[in-house]
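Letter by letter, the chains look like this.
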Amino acid sequence: MQKRTKIKELLLTEPTEQLVTVKGWVRTFRNNQFIAINDGSTINNIQAVVNAEVADEATMKRITPGSCVGVTGKLIASQGKGQKVEVAVTSIEIYGDAESDISKPNSYPLQPKAHSLEFLREIAHLRFRTNTFGAIFRVRHSLAYAVHKFFNDKGFVYMHTPIITASDAEGAGEMFKVTTLDINKAPLNEAGEIDFKQDFFGKATNLTVSGQLEGELAAMAFGEVYTFGPTFRAENSNTTRHLAEFWMIEPEMAFFDLNDNMDLAEELLHYVIRYALEHNKEDIEFLNQRLLDEEKNKPQTERSEMSLLEKLQFCIDNKFERVTYTEAISILRESNHNKKKKFQYLVNEWGVDLQSEHERYLVEKHFKKPVILTDYPKDIKAFYMRQNDDGKTVRAMDILFPGIGEIVGGSQREERLELLETRMKEMHLPIEEMYWYLDTRRFGACPHAGFGLGFERLVLFVTGMTNIRDVIAFPRTPKSAEF
Ligand code: 4AD
Ligand code: MG
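Because the structure is a prediction, the values reported are computed rather than measured.

1. So, the overall build of the chain
Along the backbone of the chain there are 14 helices and 16 strands. Principal-axis analysis of the C-alpha atoms places the extent of the chain at approximately 85 × 60 × 45 Å. Among the 483 residues that make up the chain, the fraction classed as buried is 49%. Within the chain, residue pairs in contact and separated by at least 24 positions form 68% of the contacts whose partners lie at least 6 positions apart. Entry remark: accessible area of the chain is about 24,200 Å², with carbon and sulfur atoms responsible for 50%. Charge separation in the chain, taken as the distance between the mean sites of 60 positive and 71 negative side-chain charges, equals 5 Å.

2. Some remarks on the sheet that holds strand E16 (residues 448-454)
Across the sheet, eight strands lie side by side as E6-E10-E11-E16-E15-E14-E13-E12; this open sheet has mixed pairing. Two strands in the sheet have a free side with no partner beyond their single neighbour: strand E6 (157-158) and strand E12 (321-324). As judged from the six bridges shared by strand E14 (residues 393-401) and strand E15 (residues 405-412), these two strands associate in the antiparallel manner. Bridge pairing in E15 places Phe 401 opposite Gly 405. Where helix H5 (residues 212-222) meets the sheet, its contacts fall on E6, strand E10 (224-232), strand E11 (245-254) and E16, and the angle it forms with E11 comes to roughly 30°. Sheet strands in contact with helix H6 (residues 258-279) are E11, E12, strand E13 (371-377), E14, E15 and E16, and its direction is about 15° off that of E14.

3. Looking at the pairing of E15
The buried count for E15 comes to six of eight residues, which makes it a mostly enclosed element. Linking E14 to E15, which pair antiparallel, is a turn of three residues; within it Gly 403 sits at a positive phi near 75°. Relative to E16, E15 runs antiparallel, the two being bridged by five bridges. The partner of Gly 409 across the bridge, within E16, is Gly 452.

4. Some words on the site of ligand 1
Near ligand 1 there are 24 residues, and of these Glu 170, Gln 212, Arg 233, Glu 250 and Glu 406 occur at the shortest range. Between Gly 409 and ligand 1, the recorded distance is 3.4 Å, taken from a backbone N or O atom to an oxygen atom. For ligand 1, the protein covers 94% of the area, taking 630 Å² as the surface of the free molecule. At the level of elements, E11, E15 and E16 are the ones that each hand at least two residues to the shell around ligand 1. Across the shell around ligand 1, the residue classes break down as eight nonpolar, eight polar and eight charged.

5. Let's talk about the sheet that holds strand E5 (residues 85-96)
Judged by pairing direction, the barrel is mixed, and its five strands sit side by side in the order E1-E2-E3-E5-E4 before closing back on the first. Strand-to-strand twist across the sheet, computed as the mean angle between neighbouring axes with direction ignored, equals 55°. Judged from the three bridges that link them, strand E3 (residues 46-49) and E5 form a sheet pairing that is parallel. In the strand pairing of E5, Ala 48 is matched with Val 87.

6. Some details on a nonpolar patch on the surface
Together, Ile 163, Ile 164, Phe 200 and Phe 201 give the surface a local cluster of nonpolar side chains, amounting to about 390 Å² of exposed area. Relative to the assigned elements, Phe 201 resides in the loop between strand E8 (177-178) and strand E9 (205-207).

7. Observations regarding the packing of H5 against helix H13 (residues 435-442)
The description of two packed helices rests on the angle between their axes and on the distance between the axes. Contact geometry for H5 and H13: axes closest at 10 Å, N-to-C directions at 30°. Here the hand of the crossing between H5 and H13 comes out left-handed. Residues Leu 213, Glu 214, Glu 216, Leu 217 and Met 220 of H5 form the contact with H13, whose own contacting residues are Trp 436, Tyr 437, Thr 440 and Arg 441. Of the residues that constitute the contact of H5 with H13, the class distribution is five nonpolar, one polar and three charged.

8. Topic: the domain arrangement of the chain
We note that the domain assignment places domain 1 (7-110) and domain 2 (131-174 + 209-470) within the chain. Averaged C-alpha coordinates put domain 1 and domain 2 at centres separated by 44 Å. Taken residue by residue, the interface counts six residues in domain 1 and six residues in domain 2. Taken together, both faces of the contact between domain 1 and domain 2 bury some 480 Å²; the carbon and sulfur share is 41%. At the boundary of domain 1 with domain 2, the tally comes to zero salt bridges. Linking domain 1 to domain 2 there are three residue pairs in polar contact (both at pLDDT 80 or more).

9. Focus: the nonpolar core
Counting residues in each nonpolar core, the largest one holds 68 residues, and the members touching the most others are Ile 273, Ile 399, Phe 401 and Val 462. Shared between two domains, this core holds at least three residues of each, these being domain 1 (7-110) and domain 2 (131-174 + 209-470). If we ignore the near neighbours within four places in the chain, the residues touching Ile 399 are Ala 265, Leu 269, Phe 320, Val 371, Ile 372, Gly 405, Glu 406, Ile 407 and Val 408. Ile 331, Val 363, Phe 367 and Phe 383 belong to the second largest nonpolar core, which has 34 residues in total.

10. Some thoughts on the environment of Phe 455
As for its position among the elements, Phe 455 is in helix H14 (residues 455-463). With 209 residues separating them in the primary sequence, Phe 455 and Phe 246 have C-alpha atoms 7.4 Å apart. Once residues within four sequence positions are removed from consideration, Phe 455 is found in contact with Arg 140, Leu 143, Ala 144, Phe 228, Trp 247, Met 248 and Ile 249.

11. Let's talk about H13
Of the positions making up H13, those classed as buried are Tyr 437, Leu 438, Thr 440 and Arg 441. The buried side chains of H13 occupy one side of the element, clustering within an arc of 140° when seen end-on. Check the buried side of H13 and you find it contacts H5, helix H12 (417-426) and E16. Trailing H13 by a residue or two, Gly 444 shows a phi angle of about 65°, which is positive.

12. Examining the pattern of salt bridges
With the rule as written, the count across this model stands at 32 salt bridges. Salt-bridge contacts for Lys 154 lead to Glu 267; the nearest nitrogen and oxygen are separated by 2.8 Å. Of this pair, Lys 154 sits in the loop between helix H4 (131-153) and E6 while Glu 267 sits in helix H6; the two residues are 113 residues apart in sequence, bridging distant segments of the chain. On the basis of relative accessibility, which here comes to 33%, the residue Lys 154 falls in the partly exposed class. With relative accessibility at 38%, the residue Glu 267 sits in the partly exposed group.

Cut-off values and rules
- Residues numbered from 1 in each chain as written.
- Chains lettered and ligands numbered in written order.
- Predicted model: local features only at pLDDT ≥ 70, side-chain atom pairs only at ≥ 80, totals over all residues.
- Heavy atoms only, no water.
- Helix = DSSP H or I, 4+ residues; strand = E, 2+ residues; numbered from the N terminus.
- Buried < 20%, exposed > 50% of the residue type's maximum accessible area, 1.4 Å probe, protein only.
- Contact = heavy atoms within 4.5 Å.
- Areas by Shrake-Rupley, 256 points an atom, 1.4 Å probe, with all protein chains shown as cover.
- Lys, Arg positive; Asp, Glu negative; His and termini not counted.
- Charge placed at Lys NZ, Arg CZ, Asp CG, Glu CD.
- Pairing = 2+ DSSP bridges.
- Axes fitted to C-alpha atoms, helices over the stretch in contact; angles between N-to-C directions.
- Near = heavy atom within 4 Å.
- Polar contact = N/O pair within 3.5 Å; in protein donor to acceptor, adjacent residues only side chain to side chain.
- Nonpolar A, V, L, I, M, F, W, Y, C, P; charged D, E, K, R; others polar.
- Patch = residues over 30% accessible without salt bridge, like charges linked within 9 Å, V, L, I, M, F, W, Y side chains within 5 Å.
- Salt bridge = Lys/Arg side-chain N within 4 Å of Asp/Glu carboxyl O.
- Left-handed = near helix turned anticlockwise from the far one by under 90°.
- Domains from an automatic or database assignment.
- Buried area = accessible area lost by both parts, 1.4 Å probe.
- Core = buried A, V, L, I, M, F, W, Y, C linked by side-chain atoms within 4.5 Å.
- Arc of directions from axis to C-beta.

Shown next as structure tokens:
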């Protein structure tokens, strides 16, 4: 067989009866004649037309949804609706069969009909072969590429920070342990506690929750760096927004204050969303239509005001609203929603952490656009955030998105050694063990800032999906680590 051409390219090619080869997976086979083949390069299939001269009866029987085929033939103008070109097949090869008779064991579960997202989650190893998941994962790819392009074009250095670590960057203690000790016979020290000196690394280690602290070290040499890697959190929150393993983008910039930090985060979000809109037009249009179809089944009052495409366009056309935590609390406290006790957690006092219902109220009901909240109370934020002169708040910023809630968390960092050490003592953090982090404040400290963008939450927003399990290939969540 001659060299294969990808379907994406063929669909843009003028048909001049040139000989082409297509290899891919059968989506449908109609009338013993029309094969719809998809090879993942685009959401669109190419139609290949076979007849009895090319494929004998036994071969015809093997052309079933899910089977893998290679066809060679002439590229001709298509008579059928919906496609410009098709392949008039002169030879066909079946690479792999897929049993389509569902009464038989091990039959192919993806028959050409609509499947629920819940069902597809159970067969996540096959769901890439559907239109919806094909679109989602091509968009995910583009977003990842756009992130790297954005930072590369600005001269940032990409850092690979460790995945195994002995420190808890967020101080939240929601970490997975990494050990080679036999958990049934772990050695004990004199105090009767597990003796991690005998463990692989000679100390207790975990999977990282963030690359930020190491990112800060590098920023003190390269000026502007970013990480983009997997992070792990053992928080037992079984929600549609949380994963135990997720990917995070964490830029860290010397000489940036909180405003510079917010400007960069906003520019990054605008850039990557625009990139996906431009490079994944067909995929996003498909996802847009998918949501419109879904909405038709909902009562009028529950339908969203904007389609996915309108929402994305609105997001890149508008500046995000910037408000302080203190202003947000008074908006929430005074809201009719609060007065009529419609929040599960009522907002009464300054100092409470915001629940996602509050974040979504601010974004979806009050401001009706993405919001950046700044200057949170220090007691609900991490130790490394720069303290304001009021003694109560820190230079934090969270970006809240419609339908998502928090998508970015970041801050200006506390660069003043004494204040940082005092805060770490107050929060009972191991100051001696973190000498390396404090060294950046001892040697050539400077004002700096950074943030973390949750990659799956970004993919959720751009694809319009509503469950985070549908935008990562193999989700890890409480009680679930299949595949
Ligand atoms: O707000 P977080 O915890 O911030 C940090 O980890 C900082 N060290 C970032 C920094 O300043 N360099 O997490 C950042 C983002 C959140 O806004 C959210 O989008 C995402 O990471 N995130 C999660 N995404 C999926 N599942 C989870 N369990 C997540 N936890 C946080
Ligand atoms: Mg956060």
